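Descriptive structure summary
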Amino acid sequence: MAQALRPNTVGGLFATDGKPHPLQDTLVAVTLVLGLTSFVTAMFHSLHLLSSWTGLVGILTGAYGQWISETTRERFGLILGLGAAGVGFFLGMAHGGLFG
């Protein structure tokens, strides 16, 4: 019964270290927004400029976020955003590229 008295310090998959990380959280949010924008606009041929540029910026933002991330929760969000930004970037490049 001793286990019932000890707090669970391991936590779940998305557990944080209990400290605020405002820069990392901002990078996660920006990467997710840019990745989603790039992915959605990549489905339209005429929006290749928006898709490729938001994808490129999302990839760069996500890469920097991965470099300075400290928790699994941050890395998980960054990988989702990076994947979406990468797909959007490459489809935008296939539809016309960065400069039309």
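In short, a report on the structure. (Residues numbered from 1 in each chain as written. Predicted model: local features only at pLDDT ≥ 70, side-chain atom pairs only at ≥ 80, totals over all residues. Heavy atoms only, no water.)

Examining the overall build of the chain
Secondary structure assignment for the chain yields three helices and zero strands. Beginning at the N terminus, the succession of helices and strands in the chain can be written as α-α-α. Looking at the 100 residues of the chain, the share that counts as buried comes to 35%. About 6,300 Å² of surface is accessible on the chain, with carbon and sulfur atoms providing 73% of the total. (Helix = DSSP H or I, 4+ residues; strand = E, 2+ residues; numbered from the N terminus. Buried < 20%, exposed > 50% of the residue type's maximum accessible area, 1.4 Å probe, protein only. Areas by Shrake-Rupley, 256 points an atom, 1.4 Å probe, with all protein chains shown as cover.)

Things to note about the side chain of Thr61
Residue position: Thr61 is located in helix 2 (residues 48-68). For Thr61, a relative accessible area of 14% gives the class buried. Non-local contacts of Thr61, meaning those with residues more than four positions away in its chain, are made with Leu27, Val30, Thr31 and Leu34. (Contact = heavy atoms within 4.5 Å.)

Points about helix 3 (residues 72-95)
A rise of 1.5 Å per residue sets the reference length of helix 3, with its 24 residues, at 34 Å; its end C-alpha atoms lie 34 Å apart and thus fit the reference within 8%. Looking at helix 3, one finds that the buried residues are Glu74, Gly77, Leu78, Gly81, Leu82, Ala84, Ala85, Gly86, Gly88, Phe89 and Gly92. Close packing links the buried residues of helix 3 with helix 1 (22-41) and helix 2. Looking one or two residues beyond helix 3, the residue adopting positive phi is Gly97, at roughly 90°. (Expected span 1.5 Å × (residues − 1).)

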